[in-house]
Amino acid sequence: KLAFRNIWRNKRRTLITSASVMFAGFLTITMSSIETGMWEKMLQNVIDQTTGQVQIQSKKFFDEPTLDNSFAFSESEFKKVSQIKHVTAVNPRIESFSLASFGEKTKPVYIIGVNPDLEDVMTGLKKRVVKGSYLGTQKGSGILLGVNLAKNLNILLGDSLAFFGQGYRGVFSVGMLPVKGFVKFPLEDMNNQMVYMNQIDAWELFQAPELYTQLMIRTKSNKYTDPVKNEIKENIKNDELKVYGWKELIPELVEAKEMDESTTVITMSILYL
């Protein structure tokens, strides 16, 4: 009773103190909520578009991401991975850099050879087509370009883009494919350099028939990463391959998130004090 009476003994003091505490609480809750939401969205975009929750690679590919460190993956192994509990999608890819040329302009690009149907299930690539049409499954059916890359090359739908680079085992890779559509991603770097083509065209361009650089695996949620990773290790007995969780594949982003969260905790502590 005495404490309650003392609170209202000086109403101005009480209101100022209460307002400052409320402001600090509101500010810290808002700041941490925005930060958490931004990081979760950013990480999920990266996981969905580039890594998957779990990924299978050649043991050497992580340190030397070249086509020479690609691998073959049998249909039976593919089925084993697909049938693992909590796995919702499996997406094989073959990826490499090349030079793309149109007219007098040349740009370095990152080529991703995909199975169009599996890629759409995994990443929703078809929904990101802002102009033109989606990839076909037939040889020479066309490619998709990031919107910024298309703008920089000044290329239109139906134009043909030439590629020059190095393929599997050092062979000279050269090819030309028509532009079928343009895609737009949340990440600007992807819009600046991404080229998608079906696996048949990618295998022919890189002279790497039925080889992959990674097998992306999506789970029901991020919390199933470790259980799925461990089960794949038990089911796939191949000494040439290695299984990674998403945190191992994007350590820079994970470290940046942890550093940002630490800074927020310090700021919140100061505000609360």
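Residues numbered from 1 in each chain as written. Predicted model: local features only at pLDDT ≥ 70, side-chain atom pairs only at ≥ 80, totals over all residues. Heavy atoms only, no water.

Before going further, it helps to spend a moment on the overall build of the protein. When you go through the protein residue by residue, the secondary structure sums to ten helices and ten strands. Computed over C-alpha atoms, the radius of gyration of the protein comes to 25 Å, more than 25% over the 19 Å expected from 2.2 N^0.38 for 273 residues, which places it beyond the range of a compact globule. Considering only C-alpha atoms, the protein reaches an extent of 85 × 50 × 30 Å along its principal axes. Burial statistics for the protein: of 273 residues in total, 42% are counted as buried. When contacts within the protein are restricted to residue pairs at least 6 apart in sequence, long-range pairs at least 24 apart make up 74% of them. (Helix = DSSP H or I, 4+ residues; strand = E, 2+ residues; numbered from the N terminus. Rg over C-alpha atoms; globule rule 2.2 N^0.38 Å. Buried < 20%, exposed > 50% of the residue type's maximum accessible area, 1.4 Å probe, protein only. Contact = heavy atoms within 4.5 Å.)

Turning to the pattern of salt bridges, a few remarks are in order. Enumeration over the complete set of coordinates arrives at five salt bridges. Residues participating in the shared-partner salt-bridge network are Arg93, Glu95 and Glu119. (Salt bridge = Lys/Arg side-chain N within 4 Å of Asp/Glu carboxyl O.)

Two elements in contact, helix H2 (residues 11-51) and helix H10 (residues 251-272), have axes separated by 10 Å at closest approach and are oriented at 175°. Between H2 and H10, the angle falls in the class roughly antiparallel. Facing H2, whose interface residues are Ala24, Gly25, Leu27, Thr28, Met31, Ser32, Glu35, Trp39, Met42, Leu43 and Val46, H10 presents Leu253, Ala256, Lys257, Asp260, Glu261, Thr264, Thr267, Met268, Leu271 and Tyr272. Here the residues of the contact of H2 with H10 sort into twelve nonpolar, five polar and four charged. (Axes fitted to C-alpha atoms, helices over the stretch in contact; angles between N-to-C directions. Parallel < 35°, antiparallel > 145°, perpendicular 65-115°, else oblique. Nonpolar A, V, L, I, M, F, W, Y, C, P; charged D, E, K, R; others polar.)

Time to look at the pairing of strand E7 (residues 172-183). Pairing between strand E4 (residues 129-132) and E7: three bridges, direction antiparallel. The partner of Lys131 across the bridge, within E7, is Phe182. Relative to E7, strand E5 (residues 143-146) runs parallel, the two being bridged by four bridges. Residue pairing across strands places Ile143 opposite Val179, the latter belonging to E7. Summarising the sheet, strand E6 (residues 160-166) and E7 pair through seven bridges and their orientation is antiparallel. Bridging across to E7, Ser160 finds its partner in Pro178. From the end of E6 to the start of E7, which pair antiparallel, there are five residues, and Arg169 there has a positive phi angle of about 60°. (Pairing = 2+ DSSP bridges.)

Before going further, it helps to spend a moment on the environment of Arg169. The topology assignment puts Arg169 in the loop between E6 and E7. Taking relative accessible area as the criterion, Arg169 reaches 57% and is therefore assigned exposed. For Arg169 and Leu67, which are 102 residues apart along the polypeptide, the C-alpha to C-alpha distance reads 7.5 Å. Of note is the side chain of Arg169, whose polar atom sits 3.1 Å from the side chain of Tyr168. (Polar contact = N/O pair within 3.5 Å; in protein donor to acceptor, adjacent residues only side chain to side chain.)

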